[in-house]
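If you want the building blocks of each chain, they are given just below.
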Amino acid sequence: MNVLVCGGAGYIGSHTVYKLIEKGHNVIVADSLVTGHKTAVHNDALLFEGDLRDEDFMDRLFSENRIDAVIDFAAFSLVGESVQNPLKYYENNVYGTLKLLQAMVKAGVDKIVFSSTAAVYGEPENNIILESDKTFPTNPYGETKLAVEKILKWSDRAYGIKFAALRYFNAAGAHISGKIGEDHSPETHLIPIIIQTAAGKRDKLYIFGDDYPTKDGTCIRDYIHVTDLADAHIKALEKLVRTNESGIYNLGNGKGFSVKEVVDAVKKVTGKDFPVEIKERRPGDPSSLIASSKKAMEELGWTPKYNTLDKIIETAVKWHIDNPKGYR
């Protein structure tokens, strides 16, 4: 297939591009490079630098390339920033995907895998989250992703665009080859921040809140290896082509680890100790997010391979040791 990957220079997008090429697909990457990295894009992918909100760019993208399907990662994803600047997130995440869908309708492309998030659930009503659970996001980032899911639902009915919306939990780790990994500026994801602290790049680690209703008072999250996420996107695309049926799927390991447990695991893998300081909670952070991925396993035939915290952290540590300055 000829697959357009929007946001393919980003963390999860670049890993998915690698996986697509491994499986023999032709890949076109569209990325503004505002948060992505050109050097993270596989050499065999065709990169177009531009913004999904730019209609001329989108017309050129679809007219110059034969595109069979789209995988969309293009979005801002910082929860704290979304609370401080919600209009930025609506303008980029919702309007950007709207323009992408308009370009797809115009070009007659009717398959899309959308990168959604567990943030659509907000404070969950059950310990293990099902796709059928209520969606009450506690931050604008989650709201923008939920808004796009609703746009996709109506686009399916009106234009026949079939979609898979993948609600994944905490992406972590790096490609097993060590060629690509996680490099954000600023870095906000827990595991790379802890690794940076262990490497002495930060004076101390800050934990935001130890008074949540959890086993040790810190937030609990479900961590899923980025390569497993990439595999799920491809399996979701294959199902769309095979069945022509839309669907929404959780992607996680089904196991929750607290912030303190992740800190201890990084200390174990790196053999380094470092100071930790407790600070106040951040706005918009739910206390616990753990996925049920049963539906994805049954309908997509997907099974996470890097399903232990130690495995995930080991690949992340290798990437950060081999690339102390990230892609720079």
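A quick note: this is a predicted structure, and the numbers were derived from the prediction, not measured.

Is there a simple way to think about the overall build of the chain in this case?
When helices and strands are counted, the chain shows ten helices and 14 strands. Relative to the globule expectation of 20 Å for 328 residues, the C-alpha radius of gyration of the chain, 19 Å, shows essentially globular dimensions. In terms of principal-axis extent, the alpha carbons of the chain reach across some 55 × 40 × 40 Å. With the model as given, the accessible surface of the chain reaches about 14,300 Å², and the carbon-plus-sulfur share is 49%. Computing the positive centroid from 41 side-chain charges and the negative centroid from 45, the chain places the two 2 Å apart.

Sorry, what's going on with the pairing of strand 6 (residues 162-168) here?
A regular strand carries its side chains on alternate faces of the sheet. Counting buried residues in strand 6 gives seven out of seven residues, a clear majority hidden from the surface. Of the two faces of strand 6, the one holding Lys162, Ala164, Leu166 and Tyr168 and the one holding Phe163, Ala165 and Arg167 are both buried throughout. Between the parallel pair strand 5 (residues 111-117) and strand 6, the chain is carried across by helix 5 (residues 140-159), and the sense of this crossover is right-handed. Judged from the five bridges that link them, strand 6 and strand 11 (residues 247-251) form a sheet pairing that is parallel.

Please explain the pattern of salt bridges as it appears in this structure.
For side chains of opposite charge, pairing can occur when their charged atoms come near one another. Here the structure, examined in full by the defined rule, presents 18 salt bridges. The shortest N-O distance in the salt bridge between Arg281 and Asp211 comes to 3.0 Å. Residue Arg281 is found in the loop between strand 13 (276-279) and strand 14 (288-289), and its partner Asp211 is found in the loop between strand 8 (205-208) and strand 9 (220-221); the two are separated by 70 residues along the sequence. Between Asp322 and Lys318 there is a salt bridge whose closest N-O contact spans 3.1 Å. Highlighted residues: Asp322 and Lys318, both in helix 10 (residues 309-322), separated by four residues, approximately one helical turn. With relative accessibility at 43%, the residue Asp322 sits in the partly exposed group. Looking at Lys318, the relative accessible area reads 38%, which means it is partly exposed.

Sorry, what's going on with the sheet that holds strand 6 here?
Backbone-to-backbone hydrogen bonds pair the strands of a sheet. The strands run either parallel or antiparallel. Taken in spatial order, the seven strands line up as 3-2-1-4-5-6-11 in an open sheet, and their pairing is parallel. Either end of the sheet is taken by a strand with one partner, and the two such strands are strand 3 (46-49) and strand 11. Recorded for the sheet is a direction-independent mean angle of 20 degrees between the axes of neighbouring strands. In terms of strand pairing, strand 1 (residues 2-6) meets strand 2 (residues 26-31) through five bridges, oriented parallel. Counterpart to Val3 in the pairing with strand 2 is Val27. In the packing of helix 5 onto the sheet, the strands contacted are strand 5, strand 6 and strand 11, and the crossing angle to strand 5 comes to about 155 degrees.

Quick question: what am I supposed to make of the pairing of strand 8 here?
Residues Leu205 and Ile207 line the buried face of strand 8, whereas the alternating positions Tyr206 and Phe208 sit on a face that is not buried. Two strands pair when backbone bridges link them, and strand 8 and strand 13 are joined in this way by four bridges, in the parallel orientation. Bridge pairing in strand 13 places Phe208 opposite Lys279.

Help me out: how do you make sense of the sheet that holds strand 12 (residues 257-258) in this one?
With respect to topology, three strands assemble into an open sheet ordered 12-9-14, the strand pairing being mixed. Looking at which strands have only one partner, the edges of the open sheet turn out to be strand 12 and strand 14. Bridging between strand 9 and strand 12 involves two bridges; their strand directions are antiparallel. If you follow Arg221 over to strand 12, its bridge partner there is Phe257.

What is the right way to read helix 4 (residues 86-107) from this model?
Since one α-helical turn is 3.6 residues long, residues separated by three or four positions face the same way. Here helix 4 is 22 residues long and its end C-alpha atoms lie 31 Å apart, about the 32 Å a rise of 1.5 Å per residue gives. Buried residues of helix 4: Tyr89, Asn92, Asn93, Val94, Gly96, Thr97, Lys99, Leu100, Leu101, Ala103 and Met104, and no others. Those residues of helix 4 that are buried lie in contact with strand 1, helix 2 (55-64), strand 4 (69-72), helix 3 (79-84), strand 5 and helix 5. Trailing helix 4 by a residue or two, Gly108 shows a phi angle of about 75 degrees, which is positive.

What should I look at first to understand the packing of aromatic side chains in this one?
When we look at a pair of aromatic rings, we describe it by the centre distance and by the angle of the planes. Counted according to the given criterion, the structure contains two aromatic pairs. With centroids separated by 5.0 Å and ring planes inclined at 50 degrees, the aromatic side chains of Trp319 and Tyr327 adopt a geometry described as tilted. For Trp319, a relative accessible area of 1% corresponds to the buried category. Sitting above the plane of the Trp154 ring, Arg157 keeps its charged end 4.6 Å from the centroid. Stacked on the ring of Phe274, the Lys or Arg Lys267 has its end atom at 5.0 Å from the ring centre.

Looking at this structure, how should I read unusual backbone geometry?
Where the residue is not glycine, phi is negative for most of them; where a peptide bond is considered, it is trans in most cases. In the Ramachandran plot, Leu33 falls in the positive-phi region, its phi being about 65 degrees despite a non-glycine side chain. Locating Leu33 in the fold gives a position in the loop between strand 2 and strand 3. With a phi angle near 60 degrees, Asn244 is a residue other than glycine that sits in the positive phi range. Along the chain, Asn244 turns up in the loop between helix 7 (226-243) and strand 11. The exposure class of Asn244 is partly exposed, given its relative accessible area of 38%.

Reading guide: rules and limits
Residues numbered from 1 in each chain as written. Predicted model: local features only at pLDDT ≥ 70, side-chain atom pairs only at ≥ 80, totals over all residues. Heavy atoms only, no water. Helix = DSSP H or I, 4+ residues; strand = E, 2+ residues; numbered from the N terminus. Rg over C-alpha atoms; globule rule 2.2 N^0.38 Å. Areas by Shrake-Rupley, 256 points an atom, 1.4 Å probe, with all protein chains shown as cover. Lys, Arg positive; Asp, Glu negative; His and termini not counted. Charge placed at Lys NZ, Arg CZ, Asp CG, Glu CD. Buried < 20%, exposed > 50% of the residue type's maximum accessible area, 1.4 Å probe, protein only. Right-handed = clockwise from strand over helix to strand, strands pointing away. Pairing = 2+ DSSP bridges. Salt bridge = Lys/Arg side-chain N within 4 Å of Asp/Glu carboxyl O. Axes fitted to C-alpha atoms, helices over the stretch in contact; angles between N-to-C directions. Contact = heavy atoms within 4.5 Å. Expected span 1.5 Å × (residues − 1). Phe/Tyr/Trp six-rings, centres within 6.5 Å; stacked < 30°, edge-to-face > 60°. Lys NZ or Arg CZ within 6 Å of the ring centre and 35° of its normal.

The values are spatial; any link to function lies outside them.
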